[in-house]
Amino acid sequence: MSEGILFELQFFSKAFLLGAVMMILYDGVRIFRRILPHGAAAVAAEDILYWLFCGVCIFRMLYVENSGAIRGFAIAAVVLGMLLYLQFTKLIKKMGKKLHNSVKRGIMKSKSR
């Protein structure tokens, strides 16, 4: 495999992982909001700070890995990482709900005997 292709794959992988990590961080923000509810202005401020942080992270990745050149496939990799993380969490939630319901049914059956 040529050195150029290997670099491109590594760059794509780093961008993909950055997208997934950004969504993990946003899940943390959402958990914080559930633990400590607050108003619309605070939510808006949190979102602005979150996206500013993400923008800096993306800029840093592009600057360090690609001499600051914006490449469409890098941005696509970040978005893909975000979307796949969201799909993965939906699947995990669905599986958790099914497991919870089956355990609940099993407990209810054992109580009725």
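This text goes with the structure placed above it.
From a predicted model like this one, the values you see are computed outputs, not experimental measurements. (Residues numbered from 1 in each chain as written. Predicted model: local features only at pLDDT ≥ 70, side-chain atom pairs only at ≥ 80, totals over all residues. Heavy atoms only, no water.)

Colleague: Residues and numbers for the nonpolar core, please.
Modeller: Leu-18, Met-22, Ile-58, Met-61, Leu-62 and Val-78 are the most contacted members of the largest nonpolar core, which has 17 residues in total. Of all the secondary structure elements, the ones that give two or more residues to this core are α1 (3–35), α2 (40–66) and α3 (72–112). At seven residues, α1 tops the list of elements feeding residues into this core. Those residues in contact with Met-22 that sit more than four places away from it in its chain are Tyr-50, Trp-51, Cys-54, Ile-58, Val-78 and Met-82. (Core = buried A, V, L, I, M, F, W, Y, C linked by side-chain atoms within 4.5 Å. Buried < 20%, exposed > 50% of the residue type's maximum accessible area, 1.4 Å probe, protein only. Helix = DSSP H or I, 4+ residues; strand = E, 2+ residues; numbered from the N terminus. Contact = heavy atoms within 4.5 Å.)

Colleague: Tell me about α2, and name the residues and values.
Modeller: At 3.6 residues per turn, the α-helix brings residues three or four places apart onto the same side. In this model, α2 (27 residues) spans 38 Å end to end at C-alpha, consistent with the 39 Å of a helix rising 1.5 Å per residue. Three or more residues of α2 are buried, namely Glu-46, Tyr-50, Cys-54, Ile-58, Met-61, Leu-62 and Asn-66. Looking at the residues trailing α2, positive phi occurs at Ser-67, about 55°. (Expected span 1.5 Å × (residues − 1).)

Colleague: Let's hear about the pattern of salt bridges: which residues, and what values?
Modeller: Under the counting rule described, the total for this entry stands at five salt bridges. Glu-8 is the salt-bridge partner of Arg-71, the closest N and O atoms lying 3.1 Å from each other. Placement of the pair is Arg-71 in the loop between α2 and α3 and Glu-8 in helix α1, with a sequence separation of 63 residues. Connected via shared salt-bridge partners are Arg-33, Glu-46 and Asp-47. (Salt bridge = Lys/Arg side-chain N within 4 Å of Asp/Glu carboxyl O.)

Colleague: I'd love a proper account of the side chain of Asp-27, names of residues and values included.
Modeller: Position of Asp-27 relative to the elements: it lies in helix α1. Every residue in contact with Asp-27, bar those within four places of it in the chain, is listed here: Tyr-85 and Thr-89.

Colleague: Tell me about the packing of α1 against α2, residues and numbers included.
Modeller: Contact geometry for α1 and α2: axes closest at 11 Å, N-to-C directions at 165°. When the axis of α1 is compared with that of α2, the two are roughly antiparallel. Taken as a pair, α1 and α2 cross one another with a handedness that is right-handed. Of the residues assigned to the contact of α1 with α2, the class counts are 19 nonpolar, one polar and five charged. (Axes fitted to C-alpha atoms, helices over the stretch in contact; angles between N-to-C directions. Parallel < 35°, antiparallel > 145°, perpendicular 65-115°, else oblique. Left-handed = near helix turned anticlockwise from the far one by under 90°. Nonpolar A, V, L, I, M, F, W, Y, C, P; charged D, E, K, R; others polar.)

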